[in-house]
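These are the residues of each chain, in order.
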Amino acid sequence: GRVAAALLRVPFIYWMSFPIVEGFEVRRDDIARHGRGVKWLGHALRAWASRVAIYRVVLPGARHMFVQSDAMADWLAAKGFDRARMTAVPMGVDAHLFDRANVEPVDDFRLDGRRVVLYLGRIARSRRSDFLLDVAELLRARNPDVLLVIAGDAPSDDEMAWMRREIAQRGLDGHVLLTGWLPQRTALGYAVRAEVGLSPIPRGTLFDVSSPTKLVEYLALGIPSVANDIPDQKQVIDESGAGLCVPMEAGPFADAVLELLNDGALAAEFALRGAPYVTSHRTYDILGNNVAKTYRKILTERP
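Predicted model, so just to flag it, every value in this text is computed and none were measured.

Q: Sorry if this is basic, but what is going on with the packing of aromatic side chains here?
A: The relative placement of two aromatic rings is captured by the distance of their centres and the angle of their planes. Tallied over the full model, the rule gives four aromatic pairs. Taken together, a centroid distance of 4.7 Å and an interplanar angle of 25° make the contact between Trp15 and Phe66 stacked. With a gap of 51 residues between them, Trp15 in strand 1 (residues 13–16) and Phe66 in strand 2 (residues 64–67) connect regions that are remote in the sequence. Between Phe66 and Tyr295, the ring centres sit 5.1 Å apart and the planes meet at 50°, which makes this aromatic pair tilted. Placement of the pair is Phe66 in strand 2 and Tyr295 in helix 13 (residues 284–300), with a sequence separation of 229 residues. Under the relative-accessibility criterion, Tyr295 is labelled partly exposed at 35%. An aromatic cluster is present here, built from Trp15, Phe66 and Tyr295 joined pairwise through their rings. For Lys79, the ring lying beneath its charged end belongs to Tyr55, and the centroid distance is 5.1 Å.

Q: Is there a simple way to think about the sheet that holds strand 9 (residues 243–246) in this case?
A: Strand pairing in a sheet relies on backbone hydrogen bonds. The paired strands run either parallel or antiparallel. Overall, parallel pairing links the six strands, which are arranged 6-5-4-7-8-9 in an open sheet. Either end of the sheet is taken by a strand with one partner, and the two such strands are strand 6 (176–178) and strand 9. Direction aside, the axes of adjacent strands within the sheet are offset by 20° on average. Two elements, strand 7 (residues 196–199) and strand 8 (residues 225–228), share three bridges in a ladder whose sense is parallel. When the bridges of strand 8 are listed, Gly197 appears paired with Ser225.

Q: Explain the sheet that holds strand 1 to me, please; I cannot follow it from the model alone.
A: Across the sheet, three strands lie side by side as 1-2-3; this open sheet has parallel pairing. What marks the edges here is a single partner per strand, and that holds for strand 1 and strand 3 (86–88). The mean angle between the axes of side-by-side strands here comes to 20°, regardless of whether they run parallel or antiparallel. Note: strand 1 against strand 2, four bridges, orientation parallel. Bridge pairing in strand 2 links Met16 to Val67. Strands in contact with helix 3 (residues 38–61) are strand 1 and strand 2; relative to strand 1, the strand with the most contacts, it is inclined by about 135°. Its contacts with the sheet put helix 13 on strand 1, strand 2 and strand 3, and the angle it makes with strand 2 is roughly 170°.

How each quantity is defined
Residues numbered from 1 in each chain as written. Predicted model: local features only at pLDDT ≥ 70, side-chain atom pairs only at ≥ 80, totals over all residues. Heavy atoms only, no water. Phe/Tyr/Trp six-rings, centres within 6.5 Å; stacked < 30°, edge-to-face > 60°. Helix = DSSP H or I, 4+ residues; strand = E, 2+ residues; numbered from the N terminus. Buried < 20%, exposed > 50% of the residue type's maximum accessible area, 1.4 Å probe, protein only. Lys NZ or Arg CZ within 6 Å of the ring centre and 35° of its normal. Pairing = 2+ DSSP bridges. Axes fitted to C-alpha atoms, helices over the stretch in contact; angles between N-to-C directions. Contact = heavy atoms within 4.5 Å.

Scope: geometric values only; no functional claims are made or implied.
Next comes the structure, spelled out in C-alpha cells:
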C-alpha cells in the first residue's frame, strides 16, 4: 500500500482498528503454554514480521492514521508516533435502527415478572464471558427475581458448549437465559425489555484501546448501563451521565446493577440521558462526517 501510494503520488492512509501486532503476540504466547513446536514457530515468525511491517514500515510512512479510540491514539503517541497525524473513529450506531420507538419488545414468557439484566454481544473465553455468571450468582443471592439475558453467540460450538456447561454447573439455569444467535431485530427486542445493560470488557493491551459497541447500543435504546473502566467506556459514561462505571470485579458490578434496580429515579434519569448523547456524539452519520472532513483536510494539504 505504501509503495502503491508513492507510485501513484497519492497520500498513504492507514486505518488501525485493532492492535494486530499485539494480537499475534498474544496468540503466540497462548500456544507457547502447550510447548514450542512448529506451530509456535510459525506464530512467532508472524508476530515478529508484523511488528517490523507495522511499526517500522507502515505507520512511519502513513500521512495519516485512523485509529479505534482516543486511547489507541495516546498509546501510539507513547510509542513515538505523531498524535497530530491520528484521528480517532470510535464505534457508533445506526440512529434509526437503534431508536427505541422503532423496536418491538420480544414476546418471551421467560422474562415475565423478572428483573431483566442484559448482556448483548459475543461470548468468548478471551472476553472472560464467565465473569457474567460470577455477577449472576451474586445477583441471585440478593434478588432471586433477577434474570440475566445473554443475547449472543460464541465464535465456535465448543465455546458455546463451555458457557452452557458453566451455567448448568453453577445451578443458574433459572437465572441466566443464554439465547444463542439471534436476528438483530430479535436481539434488540430482548434488549428493550431489560432494566440494566452490562458491558464488561477485560483490561489489557488488546481491549484497553478498543471502542466497544454494546455500551453505545444500550444508551441509544435508553437502557441504564453498568460498564467497566476501559478508557473508551469510561469516557462515554463520564460524558453521557447515563450509567455507572466500575472495575471489572463481580462485587462492584453486582452492587451497581442492584443500585439501578432499586433506585427507579436514578435509572429513569440515566435512561433519558443515553439516547440524546448517542445522537449527538456516536451515530454513523456523525462519525462518517468526521472521517470525510479528515480526508478533505488531507487532500487539501497535499504538496
